[in-house]
Amino acid sequence: MRSITTLLGRSLLALSLSVGAVSAAQKSAPIHFGDITWESGSFITEVLRLIVEKGYGYPTDTLPGSTVSLEAALAKNDIQVIGEEWAGRSPAWVKAAAEGKVFGLGDTVKGATEGWWVPEYVIKGDPERGIKALAPELKSVADLPRYKDVFRDPEDPTRGRFLNSPTGWTSEIVNSQKLKAYALNDSFVNFRTGSGAALDAEVASSIKRGKPVLFYYWSPTPLLGRFKLVKLDEPPFDAAAWKTLADANNPNPKGTRSMPASLAIGVSAPFKAQYPQLVTFFEKVDLPIDLLNQTLAGMSEKRLQPRVVAEAFLRDQPQIWKAWVPAEVASQVSNSL
């Protein structure tokens, strides 16, 4: 009996050590986050990473890529998390979600939006800055052809300039298709910025100089926290028309405003199965959009790194993020700051 008990004890010890080794191995393998290049995405990513690392004890890292390539990587589990996923936008995401390869968790930023914008002074003027209204009747995309000279392209003075997203973003495809759908290619140059930072810099520079500028943008973003902007009207959302805009190869796109925004945290299927605690955490993330825009504006103006701003956010806004996680996790995060 003693030998059996001893053998059983040794077996249980071996099993315990084996399970512990597996658990340690799992925690030593980093969780790969997509390295998002726009401000809100990079900030949200760092907030999530800090809580995952400091509160739950899992190592993380980031891997670079465009929106399209990161969604493809998520479907293959080459990365496990996209911190800001505009769920349902791209055909690649829709297909992967239908196949159960990716999941959008939570409703992270309520009131998010996107569209085509101009500074308010283009329409209303700004007497304090001595700026006259150059397009006083500009209300919708249908009005743009008669105001092409207001937004004159410096390299092609016969047309206006529309500042599009960088190549590789889903929104760049949609905007290019919208130019076709609204019959604007003859009157506007489709100017693609090299990066999200370049788009920000171009728009901010124009606004600071009081110059007219027409551009694609979205919220949450620093710009909407810093400047007075007007979003141009587009036709009501139509799901069938949206499919023609999301398809870069569709020769006859139909005009419609963008799909209502649904911001989520994108995760791979293996991640969802392996990390139930983190899934529960991600599903509870809720960032107030006005506070987020203000935070991003400060990050942009002071040229701060997203990780630094995320740490400050966790220190200064505990009443927001502590509602996302259990008390013991919140305590560990707070102690780490």
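Residues numbered from 1 in each chain as written. Predicted model: local features only at pLDDT ≥ 70, side-chain atom pairs only at ≥ 80, totals over all residues. Heavy atoms only, no water.

Novice: Help me understand the overall build of the chain in this model?
Specialist: A count of helices and strands for the chain gives 15 helices and ten strands. For the chain, the spread of C-alpha atoms along the principal axes amounts to about 95 × 45 × 30 Å. Counting only residues that meet the buried cut, the chain has 47% of its 337 residues in that class. Just so you have it, the chain exposes about 16100 Å², and 54% of that area is on carbon and sulfur atoms. The positive charge centre, built from 38 side chains, and the negative charge centre, built from 36, are 2 Å apart in the chain. (Helix = DSSP H or I, 4+ residues; strand = E, 2+ residues; numbered from the N terminus. Buried < 20%, exposed > 50% of the residue type's maximum accessible area, 1.4 Å probe, protein only. Areas by Shrake-Rupley, 256 points an atom, 1.4 Å probe, with all protein chains shown as cover. Lys, Arg positive; Asp, Glu negative; His and termini not counted. Charge placed at Lys NZ, Arg CZ, Asp CG, Glu CD.)

Novice: I would appreciate a short explanation of helix H7 (residues 196–208) in the present structure.
Specialist: Side chains of residues three or four places apart in an α-helix project in the same direction, reflecting 3.6 residues per turn. The terminal C-alpha atoms of H7, which comprises 13 residues, lie 18 Å apart, in line with the 18 Å expected from a rise of 1.5 Å per residue. The first or second residue beyond H7 is Gly210, which carries a positive phi of 70°. (Expected span 1.5 Å × (residues − 1).)

Novice: Would you take a moment to explain the pattern of salt bridges for this structure?
Specialist: Oppositely charged side chains can form a pair if their charged atoms are brought close together. Scanning the model with the defined rule gives 19 salt bridges in all. We note a salt bridge from Lys124 to Glu120, for which the minimum N-O separation is 3.7 Å. With a gap of four residues between them, Lys124 and Glu120 both fall in helix H5 (residues 120–124), about one helical turn apart. Residue classification places Lys124 among the exposed residues on the basis of a relative accessible area of 59%. Several salt bridges share partner residues, and in doing so they unite Glu46, Arg49, Glu53 and Arg307 into one network. (Salt bridge = Lys/Arg side-chain N within 4 Å of Asp/Glu carboxyl O.)

Novice: What is the right way to read the confidence of the model for the chain from this model?
Specialist: Do not read the fine detail of predicted coordinates wherever pLDDT is low. Residues at a pLDDT of 70 or more form 92% of the chain, whose mean pLDDT is 90. Taken as a whole, residues 1–25 scores under 50 in pLDDT and shows zero contacts with residues more than four places along the chain or in a different chain. (pLDDT = per-residue confidence, 0-100. Contact = heavy atoms within 4.5 Å.)

Novice: Can you walk me through the side chain of Thr244 in this structure?
Specialist: Within the secondary structure layout, Thr244 lies in helix H9 (residues 239–246). On the accessibility criterion, Thr244 (12% relative accessible area) is buried. From its side chain, Thr244 meets the backbone nitrogen of Lys254 in a polar contact 2.8 Å long. (Polar contact = N/O pair within 3.5 Å; in protein donor to acceptor, adjacent residues only side chain to side chain.)

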